[in-house]
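Results of the structural survey
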Amino acid sequence: MDPGAIQPAPHAPPPVTGSLAEVADGLPGVREIVETLTLRAGFNTNTVILGTTLLGVAAGVIGVFALLRKRSLVTDALSHATLPGIGLAFLGAGALGVDGRSLPVLLAGAAASGVLGVVCIQALLRFTRLREDAAIGIVLSVFFGAGVVVLSYIQANAASGAAGLNKFIYGQTAAMGMRDAALMASIAGGAVVVALLLLKELTLVCFDDAFARVGGWPVGAIDLLMMGLVVLVTVAGLQAVGLILVVAMLIIPPVAARFWTERLWLLVALSGVIGGASGYLGSVVSALLPRKPAGAVIVLTAGAVFACSMLLAPARGVLAAGLRMATMRARIGADHTLEVCYELSLGGAAMSRERLSRLASVRAWPGWYRWLIVATLERRGLLSRTPDGGLRASEAGLARGARVSRNHRLWEQYLISHADIAPSHVDWSADQVEHVLSDELIAQLESALGARGVTVPGAGPGRAAP
Amino acid sequence: MNGFGIGADLFPLLAAVLAALTCGLLGNFLVLRRLSLMGDAISHSVLPGLVIAFLIAASRSPLVMFLGAAVAGVATVVLVELVKRLGRVEPGAAMGVVFSVLFALGVLLIRQVESLGNIDLDADCVLHGQLETLAWFGAPDSWSDLLSPATLGAVPRQVWTLLGMFALASVFVAALFKELRLAAFDPALATSQGFSAPALHYALMVLVAGATVASFEAVGSILVIAMLICPAAAARLLTDRLLPQIAVSLLAALVAAAGGYLGATAVPGAFGLGAVNAAGSMSVAAGVLVAGAVVASPRHGLVSSWLRRRALALSVARDDLLAGLYRAAESGAPTPAHTGLSAVRMARASGSARRAGLLSTGEPARLTPAGEHAAREVVRRHRLWEHYLVEEAGLAPDHVHPTAEKLEHTPLAPAGDPATDPHGRPIPPALAPDPPSRDIS
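Residues numbered from 1 in each chain as written. Chains lettered and ligands numbered in written order. Predicted model: local features only at pLDDT ≥ 70, side-chain atom pairs only at ≥ 80, totals over all residues.

Now for the overall build of chain A. If you tally the helices and strands in chain A, you get 20 helices and two strands. Residues counted as buried form 47% of the 466 residues belonging to chain A. (Helix = DSSP H or I, 4+ residues; strand = E, 2+ residues; numbered from the N terminus. Buried ≥ 20, exposed ≤ 12 C-beta atoms within 10 Å, placed from the backbone.)

Here you go:
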């Protein structure tokens, strides 16, 4: 038996065990890959793939609200807390003469104990001084421990054996029949429909629950409904991906989608797509290759999407932010260099090699950075190197230095005259603000200072230095 | 399995207790720094570390496993920090992303390693351990034989590993207790005092990863999470100082481990049933301890705070009853005006006032001299507050009654000796002995 992998398509090579070389031999052919991808690989496999995809969409959509309500890890506790419910439902059904392995019975038990776990977290937060992290951890570990106890009790004592209950921990698409997959798909689909119908209410509660309450919305009930949807998705995903990893399907797609957009409906759509794509790819890979548990592949796919989003997203991505920061720092470095050039030029001097070294050490520029600044400015024709290793600014360079220097003085005067800050304390702040003053703000500063009779000599923005 | 057998139970119990003590000790600092779930995250994400270390070194020696786990533990902490900072992701979600991806990687790797054959790295065993494999075959029948040198040779490797880990954690906590305490309560101050709180944080995380891997073989990662959080949380509810908290958490860990073990083996055995999973049972025992602390903690428990609230409600009701009688006598009305008390609370309040000698026992009840003194003080405080709220706080006279109705039950009263309240009623002058009143203006 090969837990976790979907039953291979009828004409697939049988799963091989043995050395890694043999594993490589077991790779599926192109025809088989295409058939599985396009859902022509057999009815059972197709149902499982479709069900997992739909589960991914549902988890992605509903995970958005869990993320915005900062409940990501509550869902983790919830999914762990389903285990004792599964075991007890099995025992209870057996005692009542119902088949304990019937999936709806087990999922009902899972949902009940998951909800009980969430209620316990709320009670711990409400009635004790424990923080949320401890409350989540307690419920997670104690409920899961109880589940392990119940499962081991079933294994040791129940007549009919607990074969298959363990599959809910790591998930096992291989054991999924058509009916199981259809149940999973209908629960997930139902959850998505409810979430989309109540999009407005959920959005309102996520962004401003106090406003929603004042506006007469039943915030508690909407919150409860949201947790209910999370329970549905968790329970639906138990069999396919397992209770440890189902939480990843709720957390990762929304976090990944969040990098790309600031609009909620787009976030919901994107997160659903990421979740659905992960579910689809995970189940396909698991159907084609031996020893690729669907849950793990789904989570790793989503994780890869997350990593790409975090690196590459245009506005919130790490690379874009790094680039923005580097550009900003380069501009500030250039500003400082030209500012010093301008101030030296007032005394008729150019920047000597020693003065440049001092500037670099005051600003803590490494050698390569200093070289980069000078080279860039030189290329733009704002300054030129003198034979003795110093710098001489051009007309345009001096004009920019004058502007920065004047901004510095304007801001210092403003802090002294309007913010009542001691003259000895204004330099540091002005040193940062001088680079980002807009023309409009400079005009406002000039008029504010002018009204108090303070004038700062020198050119206004865009005009040549004196 | 009936009763305690040296052969079957000694080493599993020892391993469980050592694992529980190690995790319980370290957990104190996690719970205080609100990092409980970091323990959860690490115990999930050591899985890929273990498998990769195993693949690289091709051995299951404790040192290799420890290194793999430590690297994975630190990687988890660093990755969570990176995702949080660089991606500006909410902390909980950042943790969820990192540990679930790492765990999924571990599950996938383990399934590949399994295919290589003859490997006993097993995902299920990582979760709930294999305590039963520690059973000691060939154990002596009597306790006295235990003290022979041969016993030492029979101690399984897992127990030695756990013993070493416990010693390491104890030395770490004892040597850096001052620093850990400061870093737990005020990391910024700790850093400004010249030692690095982040460095200490990483050291703690390495130890948590080490404790996880030392424990996972024997008791599984689920017990690690339970023991990292539950004993410390229970102790946090029972004590208000760090040293007693650590002591109580160690005791709780010991009780949970031993009780859970007996509950798993002896109790089902007594009913003629097979033993259940010991690690799970210990987690449940730890949960029971937390529940006990939630209910019965002397200062922070549900019972004690319910009793405190009840006593306060009774004293407020008694004050209201006495003040009502005083006002009725003052205005010459035969019965006090409606006090807003339910019949049950009124009966309880008057019973309490009678027992305290503030009310006469006859019907209708009258104020005794002591009762009149007490009632006079309540009315005096009420009217002084009304006067103060109107004259000093500038409230309208028809808005001050509800506030004064609450403040009259505290021992505080505004200073001064005005003759009447804003409604023109006389403020009874203070009687000797002067009641404890404090100047709050």
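That covers the picture; the talk isn't over yet.
This brings us to the overall build of chain B. When its secondary structure is counted, chain B shows 17 helices and zero strands. Out of the 441 residues in chain B, the part that is buried amounts to 46%. Sequence separation of 24 or more characterises 69% of the internal contacts of chain B that already satisfy a separation of 6 or more. (Contact = placed C-beta atoms within 7 Å.)

Right, let's get into the interface of chain B and chain A. Between chain B and chain A, the contact holds 57 residues from the first and 56 residues from the second. Looking at the side of chain B that touches chain A, the elements that each hand over two or more residues are α2 (36-57), α3 (62-86), α4 (91-114), α5 (123-128), α11 (221-238) and α13 (278-296) of chain B. Considering every element that reaches the side of chain B that touches chain A, the biggest residue donor is α4(B), with 14 residues. Considering only residue class, the side of chain B that touches chain A consists of 34 nonpolar, 16 polar and seven charged. (Nonpolar A, V, L, I, M, F, W, Y, C, P; charged D, E, K, R; others polar.)

Residues and elements named next belong to chain A. The domain boundaries assigned to chain A delineate domain 1 (25-316) and domain 2 (317-466). Computed over C-alpha atoms, the centres of domain 1 and domain 2 are 55 Å apart. The partner domain 2 presents four residues to the eight residues of domain 1 that form the contact. Here the residues of the side of domain 1 that touches domain 2 sort into seven nonpolar, no polar and one charged. (Domains from an automatic or database assignment.)

Right, let's talk about the confidence of the model for chain B for a bit. Residues and elements named next belong to chain B. In the predicted model, chain B carries a mean pLDDT of 83, and the fraction of residues at 70 or more is 86%. Within chain B, α13 carries the highest mean pLDDT (92), whereas α5 carries the lowest (62). Residue range residues 437-441 is modelled with pLDDT below 50. Its contacts to residues more than four positions away, or to other chains, number eight contacts. (pLDDT = per-residue confidence, 0-100.)

All names here are of chain A. Phi is positive for K70, close to 55°, though the residue is something other than glycine. Residue classification places K70 among the partly exposed residues on the basis of 14 C-beta atoms within 10 Å. At D420, a position not held by glycine, the phi torsion is positive, near 55°. As for its placement among the helices and strands, D420 is situated in the loop between α18 (395-418) and α19 (427-433). Judged by the 7 C-beta atoms lying within 10 Å of it, D420 falls in the exposed class.

In this section: the nonpolar core. In this structure, A:I62 and B:C230 are the most contacted members of the largest nonpolar core, which totals 220 residues. When residues no more than four places from it in sequence are discounted, the contact partners of B:C230 are A:I138, A:S141, A:V142, B:A256, B:A286, B:G287, B:L289 and B:V290. Judged by nonpolar contacts, the second largest core, of 17 residues, contains A:A334, A:Y342, A:L382 and A:A393. (Core = buried A, V, L, I, M, F, W, Y, C linked by C-beta atoms within 7 Å.)

A few words now on the environment of B:V248. Residues and elements named next belong to chain B. Residue placement: V248 occurs in helix α12 (residues 242-270). Separated by 13 residues in sequence, V248 and A235 place their C-alpha atoms 5.4 Å apart. The residues touching V248, leaving out its near neighbours within four places in the chain, are A235, L238 and T239.

All names here are of chain A. Two elements in contact, helix α4 (residues 72-96) and helix α5 (residues 103-127), have axes separated by 6 Å at closest approach and are oriented at 135°. One finds that α4 runs oblique with respect to α5. As α4 runs across α5, the sense of the crossing is right-handed. Contacts from V74, A77, L78, A81, T82, P84, G85, I86, L88, A89, F90 and A93 in α4 reach V105, L106, A108, G109, A110, A112, S113, G114, L116, G117, V118 and I121 in α5. Here the contact of α4 with α5 is composed, by residue class, of 18 nonpolar, six polar and no charged. (Axes fitted to C-alpha atoms, helices over the stretch in contact; angles between N-to-C directions. Parallel < 35°, antiparallel > 145°, perpendicular 65-115°, else oblique. Left-handed = near helix turned anticlockwise from the far one by under 90°.)

This paragraph deals with the environment of B:P62. Residue and element names in this part refer to chain B. Summarising the element assignment, P62 is placed in helix α3. P62 gets classed as partly exposed once you count the C-beta atoms within 10 Å, which come to 17. Note: C-alpha distance between P62 and R157 (95 residues apart in sequence) is 8.8 Å. In this structure, P62 is in contact with R157 and T161, ignoring residues within four places of it in sequence.

The end-to-end C-alpha distance of α3(B), which contains 25 residues, comes to 35 Å, matching closely the 36 Å that a straight helix rising 1.5 Å per residue would cover. Of the positions making up α3(B), those classed as buried are B:M65, B:F66, B:G68, B:A69, B:A70, B:A72, B:G73, B:T76, B:V77, B:V80 and B:V83. Packed against the buried residues of α3(B) are α14 (294-312) of chain A together with α2, α4 and α10 (197-216) of chain B. Just downstream of α3(B), B:R88 is the residue with a positive phi angle, here 50°. (Expected span 1.5 Å × (residues − 1).)

Moving on: the packing of helix α6 (residues 132-157) of chain A against α2(B). Across the interface, α6(A) lies against α2(B) with an axial gap of 7 Å and an inter-helix angle of 45°. Comparing their axes, α2(B) and α6(A) come out oblique. On α2(B), the residues touching A:D133, A:A134, A:I136, A:G137 and A:L140 of α6(A) are B:S36, B:L37 and B:D40. When its residues are assigned to classes, the contact of α6(A) with α2(B) shows four nonpolar, two polar and two charged.

Once that is clear, we can look at helix α15 (residues 318-346) of chain A. All names here are of chain A. Relative to the 42 Å expected for 29 residues at 1.5 Å per residue, α15 spans 42 Å between its end C-alpha atoms, a close match to the ideal helical length. Residues of α15 that are buried: V318, G333, A334, D335, H336, T337, L338, E339, V340, C341 and Y342. Trailing α15 by a residue or two, G348 shows a phi angle of about 80°, which is positive.

What follows deals with the confidence of the model for chain A. Low-pLDDT portions of the prediction should not be read for the details of their coordinates. All names here are of chain A. Mean pLDDT over chain A stands at 84; residues scoring 70 or higher make up 90%. Put simply, helix α1 (residues 20-25) is where chain A has its lowest mean pLDDT, 44, and helix α12 (residues 246-258) is where it has its highest, 93. Note on residues 1-25: pLDDT under 50 across the span, and 59 contacts to partners over four residues away in sequence or across chains. A low-confidence stretch, residues 460-466 stays under pLDDT 50, and its non-local contacts, those more than four residues away or across chains, total 12 contacts.

Let us now look at the environment of A:A448. All names here are of chain A. Within the fold, A448 resides in helix α20 (residues 439-451). Between the alpha carbons of A448 and Y414 there is a distance of 8.2 Å; along the sequence they are 34 residues apart. Leave out the neighbours within four places in its chain, and A448 touches Y414 and H418.

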